[in-house]
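Notes for the structure review
So the chains spell out like this:
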Amino acid sequence: MSRKVEHLHPLMRPIVAAFIATAWTRVGVRLKLIETWRDNTKQREHWMKGRDEHGRIINKKRVVTHKRPGDSWHNLQLKSGAPASLAAHLVPELPGGGLIGYGNSQLGKPELAIYRAVVYIGLSFGMRSGADWDEDGKIMEHGEDDLGHWEYHPGFHLAEAKAVLAKGDDLASLVIT
Ligand SMILES: [Zn+2]
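Residues numbered from 1 in each chain as written. Predicted model: local features only at pLDDT ≥ 70, side-chain atom pairs only at ≥ 80, totals over all residues.

1. What to know about the overall build of the protein
Looking only at helices and strands, the protein features four helices and four strands. Helices (α) and strands (β) of the protein occur, in sequence order from the N terminus, as α-β-α-β-α-β-β-α. Principal-axis analysis of the C-alpha atoms places the extent of the protein at approximately 45 × 40 × 30 Å. Counting across all 177 residues of the protein, residues that qualify as buried make up 27%. Of the contacts formed within the protein by residues at least 6 apart in sequence, a portion of 55% connects residues at least 24 apart. (Helix = DSSP H or I, 4+ residues; strand = E, 2+ residues; numbered from the N terminus. Buried ≥ 20, exposed ≤ 12 C-beta atoms within 10 Å, placed from the backbone. Contact = placed C-beta atoms within 7 Å.)

2. As for the domain arrangement of the protein
The domain architecture assigned to the protein consists of domain 1 (5-36 + 84-172) and domain 2 (38-75). The distance between the C-alpha centroids of domain 1 and domain 2 comes to 20 Å. Taken together, the six residues of domain 1 in the interface contact four residues of domain 2. Along the lines of polarity and charge, the residues of the side of domain 1 that touches domain 2 split into three nonpolar, two polar and one charged. (Domains from an automatic or database assignment. Nonpolar A, V, L, I, M, F, W, Y, C, P; charged D, E, K, R; others polar.)

3. Comments concerning the pairing of strand β2 (residues 87-93)
On a regular strand, each side chain points to the face opposite its neighbour's, so the side chains alternate between the two faces of the sheet. For β2, the buried fraction is high: six of the seven residues fall into the buried class. With five bridges connecting them, strand β1 (residues 30-35) and β2 associate as antiparallel partners. Each residue of the ladder has a partner; that of Leu33, found in β2, is Leu90. As judged from the three bridges shared by β2 and strand β4 (residues 149-151), these two strands associate in the antiparallel manner. Along β4, the bridge assignment pairs Ala87 with Glu151. (Pairing = 2+ DSSP bridges.)

4. As for the environment of Gly122
Turning to its location among the elements, Gly122 is positioned in helix α3 (residues 109-123). Judged by the 27 C-beta atoms lying within 10 Å of it, Gly122 is buried. Not counting residues within four places of it along the chain, the set of residues in contact with Gly122 comprises Phe19, Met127, Ser129 and Trp150.

5. A short note on unusual backbone geometry
Although it is not a glycine, Glu135 adopts a positive phi angle of roughly 55 degrees. Phi is positive for Met140, which is not a glycine, with a value near 60 degrees. Among the structural elements, Met140 can be located in the loop between β3 (128-129) and β4. By C-beta crowding, Met140 is classed as partly exposed, having 17 other C-beta atoms within 10 Å.

6. Some words on helix α1 (residues 13-27)
Here α1 contains 15 residues, and its C-alpha end-to-end distance of 21 Å stays within 8% of the 21 Å for a straight helix at 1.5 Å per residue. Of the residues making up α1, those classed as buried are Val16, Phe19 and Ala23. The buried residues of α1 occupy an angular sector of 55 degrees when the element is viewed end-on, so they sit on one face. Facing away from the buried side of α1, by more than 90 degrees, are the exposed residues Pro14, Ala21 and Thr25. Its buried side turned inward, α1 meets β1, β2 and α3. Phi turns positive, to about 70 degrees, at Gly28, one or two residues after α1. (Expected span 1.5 Å × (residues − 1). Arc of directions from axis to C-beta.)

Given below as structure tokens:
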């Protein structure tokens, strides 16, 4: 697991930078980048949480992802093998240094209000939010609780991205904005 900004695909880096800057200038929230790229071993570790050895869900509460290794925007790589994630986890940091809503913390109304403000800002950059999986603009509906997760893939699907990267071509050719 990485939290390095260099492990984001170059397409996503400026978006994340602008998101962080805007959250600070618009609502005074400091966003911390806590995860970018994930290798397939780590993805498998995540995927196994709450599942048995056949991949069947045995404990719904422990499930953290439905993405098998290689099937997450976090897992993308360039042809060279260099990490090139199109997903990132960004969470608000409290002045005292704690992170809001990471892990299993229970969020109260004030913390949720902070997230709401942040999520609307992130959406304005054309990213997909874990707080709006169905992309209907209504955030934090049932099941939309991956509040710190962001993806950037304007107009293309994961399979397309994987194919382009495997050929060593430029992802920008897929972008529809
Ligand atoms: Zn994620």
